[in-house]
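Here's the letter readout for the chains.
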Amino acid sequence: MRYSTFVRIPGSIARPAPKSGTRTAVGREDVAPMIFQKLTAAALGVAMLVGAAPKSAEADILVMGGNPEGSLFYAQSQAIASVIGQHTGDRVDVLPQSPTVFFPMFVSSEADLGLSSPIEANFAFRAVGPYEGANGGEGYPISTIMLGSPIRLSLVVRGSSDIQSMADLKGKRVASNYGAFAGSSITAEAALANAGLTDDDIEVVSVSSYPEGVTAVIEGRADAAVGSIGSGILQQLNAAEGARILSIDPSPEAMARSKEIGSAFVPIEVPAGIVGVDSDIHALSYATTLYGRSDLADEKVSAILETLWEHSEELKAIHPSLATWTPDRFADTAVVVPFHPAAIEFFKSKGVWTDELEARQAEISAK
């Protein structure tokens, strides 16, 4: 696999974990991202952005991983952080880095939450695939807080390109190696596999993040890259060169090839009229999921869930892609990483924890 070059993920830097599972705003040092082999010092030096102002000087600070600016996850993380901050006594700072940075930070309690694909989180939790050997082979201490909006992913080309289908990518320059940005590498591989293609059929273009992949298309360095429908960088491509999202094949045979790369992938219909979509197509999808470190205090998990359960309507007012981030999706058997114990208790209190969810929790807990 193309991401095998960064499978050895170092452990966390030595810092004592806060006893309470949180940190306070008073006198707190800026959170330093974990050292990761394939990320440059400049990338790790990106300052965290404040999701919402604290209600008081004594408010706790939660750090939430949210992918780089320009990605859909970044915009969604900012919205989620804002709503949590407005309705709890805590402040949520968004760390604009990929899971390969913030999942290791769960070990040392330097990060508390993170928005990620279930496919990448499952790899990180079980120390397999691009996360082989992570945390001494134990995997990272990740728990599911809630499932959220379905994301829509495929490969995107310039509007003027003669590339009309996935099959047309054979021999073309495709941004498919995203280095430490594992989620996009996985998506590129799954999209190509859907059409029966591999790296051997294309000219691999290497980039360092999802936004850089689309930027490579804008600048003409690549013919295609992973496109997350609704992301800011996709709108930039559309404004600069026009954008065309390529349709995947939703047939069972084609999806079986995609699922070999990531079992959580499912096909989703995308109607015409969205940026990059001139006619109805299908894209790859999964439930965007909010994860937390496994030792995050129960009261913090409960407060987050209660806030988003009661105020989910506010999310779509901040970013339209969160219109489907609704309580009916929070607990679902599509989960691939075990729920946090406090999340289970919360869902039981709301009457939505079912026998099927209990069975699924037992199945995926048998790590």
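Residues numbered from 1 in each chain as written. Predicted model: local features only at pLDDT ≥ 70, side-chain atom pairs only at ≥ 80, totals over all residues. Heavy atoms only, no water.

Under an unreviewed UniProt entry, the name given to the protein is TAXI family TRAP transporter solute-binding subunit, and the organism recorded is Pacificitalea manganoxidans.

Looking at the overall build of the protein
Heads up, the condition is: Starting at the N terminus, helices and strands are each numbered in turn, a helix being any DSSP run of H or I of at least four residues and a strand any DSSP run of E of at least two. Only heavy atoms enter the contact rule, under which two residues are in contact if any of them lie within 4.5 Å. For the area figures, the Shrake-Rupley method with a 1.4 Å probe applies, and any residue is considered shielded solely by the protein chains shown.
Looking only at helices and strands, one finds 13 helices and 12 strands in the protein. Long-range pairs, those at least 24 residues apart, make up 76% of the contacts in the protein between residues at least 6 apart in sequence. Counting only carbon and sulfur atoms, one obtains 50% of the accessible surface of the protein, whose full area is about 14,100 Å².

Quick look at the pairing of strand β7 (residues 173-177)
Threshold: Buried means the residue's accessible area, taken with a 1.4 Å probe over protein chains only, is under 20% of the maximum for its type, while exposed means over 50%, and partly exposed covers the values in between. One bridge is not enough; two strands pair if DSSP finds at least two bridges between them.
Extensive coverage of β7 is indicated by the burial of four of its five residues. Note: β7 against strand β8 (residues 203-206), four bridges, orientation parallel. Opposite V174, over in β8, you have V204 as the bridge partner. One ladder, built from two bridges, connects β7 with strand β9 (residues 224-228); its direction is parallel.

Focus on unusual backbone geometry
Only a minority of non-glycine residues have a phi that is not negative, and only a minority of peptide bonds are not trans. In this structure, N67 is a non-glycine residue whose phi angle is positive, near 70°. Its location among the elements puts N67 in the loop between β3 (60-65) and α2 (72-87). The phi angle at S109 is positive, at roughly 65°, despite the residue not being glycine. Within the secondary structure, S109 sits in the loop between α3 (99-107) and β5 (113-116).

Regarding the side chain of E110
Just so we agree on the cut-off: The definition of a polar contact used here is a pair of N or O atoms within 3.5 Å, where within protein one atom must be able to donate a hydrogen and the other to accept one, and adjacent residues in sequence count solely through side-chain atom pairs.
Residue position: E110 is located in the loop between α3 and β5. Among the polar contacts made by the side chain of E110, one reaches the side chain of S108 at a distance of 2.5 Å.

Details of the nonpolar core
Note the cut-off: Residues enter a nonpolar core if they are buried and are Ala, Val, Leu, Ile, Met, Phe, Trp, Tyr or Cys, with the set joined through side-chain atoms within 4.5 Å. Residue ranges assigned to each domain were obtained from an automatic or database domain assignment.
The biggest cluster of nonpolar side chains holds 110 residues, and the ones touching the most others in it are F103, L169, L290, L308, W325 and F347. When residues of this core are assigned to their parent elements, the largest contribution, nine residues, is made by strand β6 (residues 142-158). Both domains that meet at this core, namely domain 1 (61-150 + 288-366) and domain 2 (151-285), each give it at least three residues. Residues in contact with W325, not counting those within four places in the same chain, are I80, L115, M146, G148, S149, T288, L290, L308, S312, L315 and F330.

Things to note about the packing of aromatic side chains
What counts here: Two rings from Phe, Tyr or Trp (for Trp, the six-membered ring) form a pair when their centres sit within 6.5 Å of each other. Planes less than 30 degrees apart are called stacked, planes more than 60 degrees apart edge-to-face, and all others tilted.
One pass over the full model with this rule turns up 11 aromatic pairs. Ring geometry for F103 and F106: centres 5.6 Å apart, planes at 70°, overall edge-to-face. Residue F103 and its partner F106 are both found in helix α3; the two are separated by three residues, about one turn of the helix. The pair formed by F103 and F106 is uniform in burial state, with each residue classed as buried. Taken together through their ring pairs, the aromatic side chains of W309, F330, F339, F346, F347 and W353 make up a single cluster.

Focus on the pattern of salt bridges
Let me state the cut-off plainly: We define a salt bridge as a side-chain nitrogen of Lys or Arg found within 4 Å of a carboxyl oxygen belonging to Asp or Glu.
This model, assessed by the stated rule, comprises 13 salt bridges. Salt-bridge contacts for D223 lead to R158; the nearest nitrogen and oxygen are separated by 3.9 Å. In this pair, D223 sits in the loop between α6 (210-218) and β9 while R158 sits in strand β6, placing the two residues 65 residues apart along the sequence. Accessibility assignment for this pair places D223 and R158 in one class, buried.

Examining empty space enclosed by the protein
Put simply, the rule reads: Using a grid of 1 Å spacing that covers the protein atoms alone, one calls a set of points a cavity when a 1.4 Å probe fits there but cannot get out, and a pocket when the set is open and has protein on both sides within 12 Å along at least five of seven lines; lining residues are those with an atom within 4 Å of a point. Grid points are joined across faces, edges and corners, and a volume is the space filled by probe spheres set on the points. Residue polarity follows a fixed list, in which Ala, Val, Leu, Ile, Met, Phe, Trp, Tyr, Cys and Pro are nonpolar, Asp, Glu, Lys and Arg are charged, and the others, Gly among them, are polar.
As enumerated under the stated definition, the model contains two cavities of 30 Å³ or more in all. Approximately 190 Å³ is the volume attributed to the largest cavity. As for the largest cavity, its lining consists of 18 residues, of which N67, F73, F181, S184 and Y286 are closest to the centre. Where the lining of the largest cavity is concerned, the elements lending two or more residues are α2, β6, α5 (182-194) and β9. A per-class count over the lining of the largest cavity returns nine nonpolar, eight polar and one charged. Built from parts of two domains, the lining of the largest cavity gets at least three residues from each of domain 1 (61-150 + 288-366) and domain 2 (151-285). Empty space within the second largest cavity amounts to approximately 30 Å³.

Thoughts on the environment of P252
Within the secondary structure, P252 sits in helix α8 (residues 252-261). Sequence-wise, P252 and V266 are 14 residues apart; in three dimensions their C-alpha atoms are separated by 10.0 Å.

Structural notes on the packing of helix α9 (residues 298-310) against helix α12 (residues 341-349)
Using the following cut-off: Only the stretch in contact is used when a helix axis is fitted, and all axes are lines through C-alpha atoms; the angle between N-to-C directions ranges over 0 to 180 degrees. When an angle is under 35 degrees it counts as roughly parallel; over 145 it counts as roughly antiparallel; between 65 and 115 it counts as roughly perpendicular; any other value is oblique. Crossings are sorted by hand: turned counterclockwise from the far helix by less than a right angle, the near helix makes the crossing left-handed, and turned clockwise it makes it right-handed.
For the pair α9 and α12, interaxial distance at closest approach is 8 Å and the crossing angle is 45°. Judged on the interaxial angle alone, α12 and α9 are oblique. Along this stretch, α9 crosses α12, giving a crossing that reads as right-handed. Residues D298, V301, S302, L305, E306 and W309 of α9 pack against A342, A343, F346 and F347 of α12.

Details of α3
Summarising burial for α3: eight of the nine residues are buried, a large majority. Within α3 the residues assigned to the buried category are P99, T100, V101, F102, F103, P104, M105 and F106. One or two steps after α3, the chain reaches S109, where phi turns positive at roughly 65°.

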